[in-house]
Structures are given as C-alpha cells and as structure tokens.
Amino acid sequence: MSSLLKTRLSQTLLLTDGLAGSLREAQLANRIGNVPSNSIGSQFWCIVGARESYGKAIAASKWQGFSCSLSKPATKILPSLQAALERSREEVMEHVNNNEMTAERLSILVDLLEHEALHQGQLIRYFYANNITFPDDFADRYALAQPKKG
C-alpha cells in the first residue's frame, strides 16, 4: 500500500479525533434542530464501532460484523469516548501497518475511509447547527467558516 494512502488514513482519523477533543461533555447530547437526527455522541459511537469493526476486518481480510466497545451511544462519557477514538485509531493503523495490503484489505480500508468521511460531513452539519467551533486543523482542511455566535 502506498505511503500516501497510509498518511491520508492517519490524517483523516486524527481530524475526527480532534473534533471530539474540541467538545464539552454536554455537547455530546446535541442534535440538529427540528429534523430527524441522533446525537453528536451517537455519531462518535458509530465511528468508534466502525473503526473497531473495520480494523478486525482488515486483520481477517473479510468483514467480521459490527461491534462497538462503548456500551451505548456516547452522550455523557467524553473521556471514555476520546480514549476509545484514540485506541481505535491506533489499532486500525497497527492493522494497516502489520498486514499485507491485499485487494480484499484495500477494499475494506477504502470502506473505512468512506465511512469516516461520511461522519465528518455529518458532524460539520451538527457543529454548525449547534454553533460549535471547529478545531483549526479541521476548519482548514475543509475550508470551513467558523459558526456564527449569537
């Protein structure tokens, strides 16, 4: 696998981790106004579960099913969520760095990148809807204006 793909994967995972690091615990329960939505914490719960599940799939060269080490969608457990994001990022990168990147594993890796990018896009909407400031590196990556206060 090219070093560029490994670098981009690491950058993408770190950007998501930075979003969680910029939150206050109470913000995990925030939703998007009067539209169907789950909570910001639920978005991050899915990210952790996907990282863990896709990491196992990369190691096994095939999908093993979805599971998440967090017992329920994160709404009031910011330190546990941040630790799970960091651990799952490190585990994914370990699987990527220590396994031959076959076509099957590359396909799984692309699925993980697509999933992470999907959640980043969704979280942009959550942050704007709730006037939450983006970390500078995330705002720079996606050329985002900071939400207007008020």
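Just so it is clear, the model here is predicted, and its values are computed rather than measured.

Procedures and definitions
Counting restarts for each chain, with residues numbered from 1 along the sequence as it is written. Residue-level local features of this predicted model are given only where pLDDT is at least 70; pairs of side-chain atoms are given and counted only at 80 or more, and the full residue set underlies all totals for whole chains, interfaces and linings. Side-chain metrics in this entry use all non-hydrogen atoms of the structure; hydrogen atoms and water are not considered. Each Phe, Tyr or Trp ring, with Trp reduced to its six-membered ring, pairs with another whose centre is within 6.5 Å; inter-plane angles below 30 degrees give stacked pairs, above 60 give edge-to-face pairs, and intermediate values give tilted ones. A simple rule labels every residue: compare its accessible area, found with a 1.4 Å probe on the protein chains alone, to the largest value its type can have, and call it buried under 20%, exposed over 50%, or partly exposed in between. Note on criteria: charge over ring means Lys NZ or Arg CZ within 6 Å of the ring centre, with the direction from the centre no more than 35 degrees off the ring normal. Note on conventions: DSSP H or I runs of at least 4 residues are helices, E runs of at least 2 residues are strands, and numbering of each starts at the N terminus. Working convention: axes come from line fits to C-alpha atoms, limited for helices to the stretch in contact. Angles between N-to-C directions cover 0 to 180 degrees. Angle categories: roughly parallel below 35 degrees, roughly antiparallel above 145, roughly perpendicular from 65 to 115, and oblique for all the rest. By definition, any crossing whose near helix is turned counterclockwise from its far helix by less than a right angle is left-handed, and any crossing with a clockwise turn is right-handed. Every residue pair with non-hydrogen atoms within 4.5 Å of one another is taken to be in contact. When residue character is reported, Ala, Val, Leu, Ile, Met, Phe, Trp, Tyr, Cys and Pro are called nonpolar, Asp, Glu, Lys and Arg charged, and the others, Gly included, polar. Among buried residues, the Ala, Val, Leu, Ile, Met, Phe, Trp, Tyr and Cys ones that are joined through side-chain atoms within 4.5 Å form a nonpolar core. In protein, a polar contact means a hydrogen-donor-capable atom and an acceptor-capable atom, both N or O and within 3.5 Å, with residues adjacent in sequence counting only if both atoms are side-chain atoms; elsewhere, any N or O pair within 3.5 Å suffices. The span one expects for a helix is its residue count, reduced by one, times 1.5 Å. Summarising the geometry, the arc corresponds to the directions from the helix axis toward the C-beta atoms. Basic side-chain nitrogens of Lys or Arg form a salt bridge, by our definition, when they fall within 4 Å of a carboxyl oxygen of Asp or Glu.

A. How the structure looks around the packing of aromatic side chains. Overall, the coordinates contain six aromatic pairs when judged by the stated rule. Judged by centre distance (5.1 Å) and plane angle (80°), the ring pair of Y128 and F134 falls under edge-to-face. Taking the relative accessible area as the measure of exposure, F134 reaches 2% and is therefore buried. Between the aromatic rings of F134 and F138, the centroid separation amounts to 6.0 Å while the plane-to-plane angle is 15°, which identifies the pairing as stacked. The pair F134 / F138 is uniform in exposure class, with both members buried. Among the aromatic side chains, those forming a connected cluster through ring pairs are F127, Y128, F134, F138 and Y142. The side chain of R141 reaches across the aromatic face of Y142, ending 5.1 Å from its centre.

B. Seen up close, the environment of G33. Following the sequence through the fold, G33 ends up in the loop between α1 (3–21) and α2 (40–60). The class of G33 is exposed, set by a relative accessible area of 63%. Sequence spacing of G33 and A129 is 96 residues, and the spatial spacing of their C-alpha atoms is 7.1 Å.

C. Summary view of the packing of α2 against helix α3 (residues 78–98). The interhelical angle for the contact between α2 and α3, taken along N-to-C directions, is 20°, at an axis separation of 9 Å. Taken together, the axis directions place α2 and α3 in an arrangement best described as roughly parallel. Crossing of α2 against α3: the hand is left-handed. Of the residues in α3, those touching α2 at F44, I47, V48, R51, E52, G55, K56, I58 and A59 are L81, A84, L85, R87, S88, R89, V92, H95 and V96. Within the contact of α2 with α3, the residues separate by chemical class into ten nonpolar, three polar and five charged.

D. The nonpolar core, seen in detail. With 24 residues, the main nonpolar core has I40, F44, L81 and F134 as its most contacted residues. Once you skip the residues sitting within four places of it in the chain, F44 turns out to touch T16, L19, A20, L23, L81, L85 and L123.

E. Spotlight on the side chain of E116. Mapped onto the elements, E116 comes out in helix α4 (residues 103–129). Within the local environment of E116, its side chain forms a polar contact with the side chain of R51, the two groups lying 2.6 Å apart. Sequence-distant contacts of E116, defined by excluding residues within four places in its chain, comprise T12, L13, T16, I47 and R51.

F. Seen up close, α3. With 21 residues, α3 extends 30 Å from end C-alpha to end C-alpha; this agrees with the ideal 30 Å at 1.5 Å per step. Along α3, the positions that sit buried rather than exposed are L78, L81, A84, L85, S88, R89, V92, M93 and V96. Across the axial projection of α3, the buried residues extend over an arc of 160°, all falling on one side. Turned more than 90 degrees from where α3 packs its buried face, P79 and N98 sit exposed. In this fold, the buried residues of α3 make contact with α1, α2 and α4.

G. Seen up close, the pattern of salt bridges. In the structure shown here, the tally under the stated rule is five salt bridges. One salt bridge connects D17 with R89, and the closest N-O pair in it is separated by 2.6 Å. With D17 in helix α1 and R89 in helix α3, this pair connects stretches of sequence that are 72 residues apart. Accessibility expressed as a relative area gives 14% for D17, which makes it buried. A network of salt bridges, in which partner residues are shared, links D17, R51, R89 and E116.

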